Amino acid sequence: MCSTSAVSSQVPSSKSDAPGRTSTSTIEFPYTRTLGPVYGAFLTGMRDGRILGMPKADGSVLCPPTEWDPDTGAALTDDLVEVGPGGEVTTWAWVTEPTRKHPLDHPFAFALIRLDGASTGLLHAVDAGAIDAMHTGMRVVPRWKDERIGLITDLEAFVPAADGGGGDA
Amino acid sequence: MSDTTEAIDPDAPVTGMDYFMSLHYREQICPVVERFSAELMEGRITGHKCPQCGLVYVPPRGYCPICVVETTEADEIVANDRGVVTNYTVVTPVAYYGQEATDPFAKVSIYLDGGGSLSLQDVLDVPADEVRVGLRVQAVWAPLGERTVDDIGNRSWGSAEGAIQGWHPTGEPDVAREDLPNQGGF
């Protein structure tokens, strides 16, 4: 988009002694997304410091919850149930150099976390400090932000549980 | 983001979320734009005259897209800083995210005397609804010391507000439509 567009800004930097000028551009598109009954309830839970999942008829619980059963496509309309707050890391990847879009500004892990009472994995950050502190099967607990507004990032990150936990390295 | 954000009850259910998509990138300014910018700092509007068809491109592009030939500094011309409005758009600002303007404003294309055009220019001291095709104008240069080309990027399309603050009516009679040059947009 051109620089006269209100949602685009061009902020070139200039140094007279540099071999060439560079320009830095930022294009931004702000949306407000309607969440619907399930994500809305899930993020209401986030704001209230609770992690919610969607129960299925077979007794399993989906967290994150969905409006549809991923196995059958059937609508899921039950009330959400609370899961966690603790859970188990089922797989993870260490982020050595976080970008500015990442949830933490220092090295951390993206992990799938199966919360207590849930049957599926929630993708979130684990703030473990060092890669050596990470292992599959480790127990984690949430660290909530003080100010919560109804976003997945209200849950700032999971951290290793004080009681440790088993699992293979 | 605005109309939908009402006074929020902190205990009400969450029904929406702001989703802010952002793309951030850096690029090298191409040499042709660098040269154009440096000449603006000296108070000159430069262009390239295609060695094949003779069309003048302001700002220079480094090529003629019609003849598909390269143009270089050897093809550089200094364009006039006076010309005639050949086209315009009046923008009526809507208060969407990031819009800073509140009153209608005009952006004009100017055909420079002797050849070459600049688009996305501002006409100074003329109400938006009095801007018209045929209006004779001259550049108002930013004073030396205040002049900057920092806002010129690879896709500025000739807008150069840091160097040319805008264009002022010369007071000459309007150019009749039939006398306008046949090189409108570029």
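**Student:** Whenever I open this one, the pairing of strand β1 (residues 16-28) of chain B confuses me. Can you help?
**Tutor:** The side chains of a regular strand alternate between both faces of the sheet. Across the 13 residues that make up β1(B), only a small minority, zero, are buried. When strand β2 (residues 22-34) of chain A meets β1(B), the two strands line up antiparallel, connected through 13 bridges. The residue bridging T32(A) from the neighbouring strand is D18(B), located in β1(B).

**Student:** Sorry if this is basic, but what is going on with the sheet that holds strand β5 (residues 81-83) of chain A here?
**Tutor:** Sheet strands pair via backbone hydrogen bonds, and the direction of the pair is either parallel or antiparallel. Residues and elements named next belong to chain A. Read from one edge to the other, the open sheet built from three strands follows the order β4-β3-β5, with strand pairing classed as antiparallel. Looking along the sheet, the strands with just one partner apiece sit at the ends: β4 (61-62) and β5. Pairing between strand β3 (residues 51-55) and β5: three bridges, direction antiparallel. Bridging from a neighbouring strand, G53 pairs with V81 of β5.

**Student:** Help me understand the sheet that holds strand β3 (residues 56-57) of chain B in this model?
**Tutor:** Residues and elements named next belong to chain B. With antiparallel pairing, the three strands of this open sheet are ordered in space as β3-β2-β6. Each end of this open sheet is capped by a strand with a single partner; those strands are β3 and β6 (76-79). Relative to β6, strand β2 (residues 45-49) runs antiparallel, the two sharing four bridges. Pairing of T46 across the sheet is with V78, part of β6.

**Student:** Just to check I follow, could you spell out the interface of chain A and chain B for this structure?
**Tutor:** Often, the extent of an interface is quoted as the loss of accessible area on bringing the components together. With 30 residues of chain A in contact, the opposing surface of chain B contributes 33 residues. Only β1 (8-13), β2 and α1 (36-47) of chain A provide two or more residues apiece to the side of chain A that touches chain B. Ranked by residue count, the leading element in the side of chain A that touches chain B is β2(A), at 13 residues. Its residues placed into classes, the side of chain A that touches chain B shows eleven nonpolar, 15 polar and four charged.

Reading the values: the criteria
Per-chain numbering applies: the sequence of each chain, read as written, is numbered from 1 onward. Ligands are numbered from 1 and chains lettered from A, in the order in which they are written. pLDDT decides what is reported in this predicted model: residues at 70 or higher carry local features, side-chain atom pairs at 80 or more are listed and counted, and totals for whole chains, interfaces and linings draw on all residues regardless. Any residue whose C-beta has 12 or fewer other C-beta atoms within 10 Å is treated as exposed, any with 20 or more as buried, and any in between as partly exposed, C-beta atoms being built from the backbone. Under the scheme used here, helices are H or I runs from DSSP no shorter than 4 residues and strands are E runs no shorter than 2 residues, and both carry numbers assigned from the N terminus. Only strands joined by at least two bridges in the DSSP assignment are considered to pair. Note on contacts: each residue gets a C-beta atom placed from the backbone, and two residues are in contact if those atoms are within 7 Å. Residues are sorted three ways: Asp, Glu, Lys and Arg are charged, Ala, Val, Leu, Ile, Met, Phe, Trp, Tyr, Cys and Pro are nonpolar, and all the rest, Gly among them, are polar.

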